[in-house]
Amino acid sequence: MRRRVVAGALVAVAAVAVGLVARAAWPSGTHDTARGLAREAAKLPPPEQPAFHVARPRLLSRSETAARFAPVLHTVQAVAGPEAGAPPVAPLDVRTPEGTANVVLVLGERRRPTGLWVHVRLPVLPNGRTGWVPRAALGGYEFVHTHLVVDREQRKATLLDDGRPIFTAPVGIGKASSPTPSGEFYVRNRVSGFGDPFYGPIAFGTSARSAVLTDWPDGGFVGIHGTNEPQLIPGAVSHGCIRLRNADILRLARLMPVGTPLTIR
Amino acid sequence: MNELEPTLAEIDVDGALQETAAAVTRGDFLRRAATATAAAAAGALVTEAVAGAAVAQTANDIAILRFDQVLEYLQAGLYTEAERLGALKPETLAWARVVGAHERAHLQAIKLLLGEHAVKSPGFNYAGVTSDEAAFVKTAVGFEDLTAALLKWQAPRLDSREIVAAAVSLHSVETRHAAWIRKLVGLQPATTAFDKPASQQKMAQLIDSTHFLVSRPVTSSRKKPRYTG
């Protein structure tokens, strides 16, 4: 009996000793667990290839020259300052005479206790006028990176994209009796398929207006369009509009979105 | 709920939740985005594939991805516009700059995956949110929190394991966006041990309530012009 007790005690001591040695060898005590997990992991199915890989994110270029415009959502009176009591400048309709949304070029914003006000370029006479409207009168902002420059002296149009020229073409401008106005404007719509060779295949409406032909139907807006008399370009031949050869206006139409700022100098 | 967390009404910055007259277009758009393909492809596999590229093939997957694409449009547009206007605090603009780039990359990836089923870009009207610090932050927190919750809801509903694998790679990024913007404005970045999913329907309601989705303005016409000539 005594021998059995001694033997049992020795076995117990040996077991404890083996445990201590094992613990010393693998102090974390997780060796077997980790091995087991690794064996289990090896039996898992291979990983799926993701259906898509997201490309490297592209930050906006800090140098880009974006302009913004917005449609007029409801008839509104543009005023001289960012407050409701400011003197009226001009009313803004929802639609243009061509039936398109009446868009305005946005020049800036100012927050007032009464709300957010937007400074806009107006398609009214005298040319170059600006005014303020409540933000709520306008729809969402759209951004463009293009800018059209028309040089009356050189009779040349140049389209810039982020400041780089991407298009040039000779143009016809207004005669001395009906000059093309100079200043800062914007392209506010595009019409095509109207079937009148005089305007060519495509015409753009601008915010510029003839200061001479004030009784012209629909307000005497200056357009940028094709022609059925390409031999007159370049030259001072129009009633104020900017005429391009048809091949050139078609090329321009592929590059220039509505809302593009327009400088006529 | 933390009192600083945005509510639906706060995200609807113009207080236009009650306005229903103009909701038809937006509602239609969201319904189209969520379910348009279901009718066309009900019960059938969409077999068109882009050669050499993974494409969404089942009606389920297409409907889910189309919804995500609209959401990515909305987020990318919001953050991009905020960056362009530059009216927010510098740290918020820095967040918008990085996260905007991420969302644009997500959008592009989803568009490629959808191929011909991709949704055309809607118009957006953020109505001043992109230049209002408080409104922007509330909207951003709401969008990022809910996008992460939405992906949790969608993942088990996807048929393709490949798309699940891709979706989880977006999910973790969206949760980082959420934690980042929360920390930026003093909210707890991680408030719970387990996150709950948010359904596509709930997200659709949120998007609709913001009134951010609008029709694009019609700027072209076939009417004979009367320019001076």
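Residues numbered from 1 in each chain as written. Chains lettered and ligands numbered in written order. Predicted model: local features only at pLDDT ≥ 70, side-chain atom pairs only at ≥ 80, totals over all residues.

1. Here we look at the overall build of chain B
Working step 1: Tallying secondary structure elements over chain B gives seven helices and three strands in all.
Working step 2: For chain B, the α and β elements follow one another from N to C terminus as α-α-α-α-β-α-α-α-β-β.
Working step 3: Counting every position in chain B, which comprises 229 residues, the buried fraction comes to 48%.
Working step 4: Intrachain contacts of chain B at a sequence separation of at least 6 include 79% that bridge at least 24 residues. (Helix = DSSP H or I, 4+ residues; strand = E, 2+ residues; numbered from the N terminus. Buried ≥ 20, exposed ≤ 12 C-beta atoms within 10 Å, placed from the backbone. Contact = placed C-beta atoms within 7 Å.)

2. Looking at unusual backbone geometry
Residue and element names in this part refer to chain A.
Working step 1: At the junction of leucine 125 and proline 126, the peptide bond is cis and its omega measures out at -5 degrees in the coordinates.
Working step 2: Within the element layout of this structure, proline 126 appears in the loop between β5 (115-121) and β6 (130-134).
Working step 3: Note that the residue after isoleucine 233, namely proline 234, is joined by a cis bond; omega there is 0 degrees.
Working step 4: Tracing the sequence through the fold places proline 234 in the loop between β14 (221-225) and β15 (235-238).
Working step 5: Even without a glycine there, the phi angle at aspartate 218 is positive, about 65 degrees.
Working step 6: Following the sequence through the fold, aspartate 218 ends up in the loop between β13 (202-209) and β14.
Working step 7: We classify aspartate 218 as partly exposed; it has 13 C-beta atoms within 10 Å.

3. Here's the deal with the interface of chain B and chain A
Working step 1: At the junction of the two partners, chain B supplies 43 residues and chain A supplies 53 residues.
Working step 2: Secondary-structure elements contributing two or more residues to the side of chain B that touches chain A are α3 (59-85), α4 (90-114), β1 (123-124), α6 (161-184) and β3 (220-221) of chain B.
Working step 3: Examining the composition of the side of chain B that touches chain A, we find that ten residues originate from one element, α4(B), more than from any other.
Working step 4: Tallied by class, residues from the side of chain B that touches chain A come to 17 nonpolar, 15 polar and eleven charged.
Working step 5: Inspection of the sheet shows strand β12 (residues 183-192) of chain A paired to β3(B) by two bridges, in the parallel sense. Note on β3(B): the bridge partner recorded for A:Arg190 is B:Ser220. (Nonpolar A, V, L, I, M, F, W, Y, C, P; charged D, E, K, R; others polar. Pairing = 2+ DSSP bridges.)

4. Side note on the nonpolar core
Working step 1: Core analysis: the largest hydrophobic core is formed by 59 residues, its most contacted members being B:Ala56, B:Leu65, B:Leu74, B:Ala82, B:Leu113, B:Ile163 and B:Ala167.
Working step 2: Looking at this core, the elements that each hand over two or more residues are α3, α4, α5 (133-154), α6, α7 (200-210) and β2 (213-214) of chain B.
Working step 3: Per-element tally for this core: the top contributor is α3(B), with 15 residues.
Working step 4: Setting aside residues up to four positions removed in sequence, B:Ile163 forms contacts with A:Ala51, B:Ala56, B:Asp61 and B:Leu158.
Working step 5: Formed by 46 residues, the second largest nonpolar core is a distinct cluster that contains A:Ala78, A:Val106, A:Val120 and A:Ile233. (Core = buried A, V, L, I, M, F, W, Y, C linked by C-beta atoms within 7 Å.)

5. Some points on the packing of α4(B) against α6(B)
Residue and element names in this part refer to chain B.
Working step 1: Where α4 meets α6, the axes come as close as 11 Å, and the angle between the chain directions of the two elements is 170 degrees. Our classification of the angle between α4 and α6 gives roughly antiparallel. The way α4 lies across α6 gives a crossing that is left-handed. Of the residues in α6, those touching α4 at Glu91, Thr92, Trp95, Val99, His102 and His106 are Leu170, Val173, His177, Trp180, Ile181 and Leu184.
Working step 2: Of the residues that constitute the contact of α4 with α6, the class distribution is seven nonpolar, four polar and one charged. (Axes fitted to C-alpha atoms, helices over the stretch in contact; angles between N-to-C directions. Parallel < 35°, antiparallel > 145°, perpendicular 65-115°, else oblique. Left-handed = near helix turned anticlockwise from the far one by under 90°.)

6. Overview of the confidence of the model for chain B
Residue and element names in this part refer to chain B.
Working step 1: For chain B, the mean per-residue pLDDT works out to 80, and 76% of the residues sit at or above 70.
Working step 2: Considering only residues more than four positions removed or in separate chains, one finds that residues 1-29, a stretch of pLDDT under 50, has 38 contacts.
Working step 3: Confidence drops under a pLDDT of 50 for residues 32-52, and excluding neighbours within four residues, the segment shows 28 contacts in the predicted structure. (pLDDT = per-residue confidence, 0-100.)

7. Some words on α4(B)
Working step 1: Helix length check: α4(B) (25 residues) gives 36 Å between terminal C-alpha atoms against 36 Å at 1.5 Å per residue, within 8%.
Working step 2: Looking at the residues trailing α4(B), positive phi occurs at B:Gly115, about 55 degrees. (Expected span 1.5 Å × (residues − 1).)

8. A look at the packing of α5(B) against α6(B)
Residue and element names in this part refer to chain B.
Working step 1: Two elements in contact, α5 and α6, have axes whose closest approach is 9 Å; the angle formed by their N-to-C orientations is 150 degrees. Between α5 and α6, the angle is such that the two are roughly antiparallel. For the element pair α5 and α6, the recorded crossing hand is left-handed. Of the residues in α6, those touching α5 at Val137, Ala140, Val141, Glu144, Asp145, Thr147, Ala148, Leu151 and Gln154 are Ala167, Leu170, His171, Glu174, Thr175, His177, Ala178, Ile181 and Arg182.
Working step 2: Looking at the contact of α5 with α6, its residues break down into nine nonpolar, five polar and four charged.

9. Considering the environment of A:Arg265
Residue and element names in this part refer to chain A.
Working step 1: For arginine 265, the position within the fold is in the segment after β17 (261-264).
Working step 2: Taking the C-beta count within 10 Å as the criterion, arginine 265 has 11 such neighbours and is therefore assigned exposed.
Working step 3: Not counting residues up to four positions away in its chain, the partners in contact with arginine 265 are Asp151, Arg152 and Ser182.

10. A few points about α7(B)
One full turn of an α-helix is made of 3.6 residues, so residues set three or four places apart face in the same direction.
Residues and elements named next belong to chain B.
Working step 1: Listed as buried for α7 are Gln200, Met203, Ala204, Ile207 and Thr210. End-on, the buried residues of α7 take up no more than an arc of 125 degrees, which puts them together on one face.
Working step 2: Directly after α7, the chain includes histidine 211, whose backbone phi takes a positive value near 65 degrees. (Arc of directions from axis to C-beta.)

11. Looking at the pairing of β13(A)
Residue and element names in this part refer to chain A.
Working step 1: Burial of β13 is extensive: eight of the eight residues sit out of reach of the surface.
Working step 2: Covered by surrounding structure in β13 are Ile202, Phe204, Thr206 and Ala208 together with Ala203, Gly205, Ser207 and Arg209, the residues of both alternating faces.
Working step 3: Relative to β13, β12 runs antiparallel, the two being bridged by five bridges. Of the residues in β13, the one forming a bridge with valine 187 is threonine 206.
Working step 4: Where β13 meets β14, four bridges bridge the pair, whose relative direction is antiparallel. Bridge assignment links arginine 209 to a residue of β14, and that residue is phenylalanine 221.

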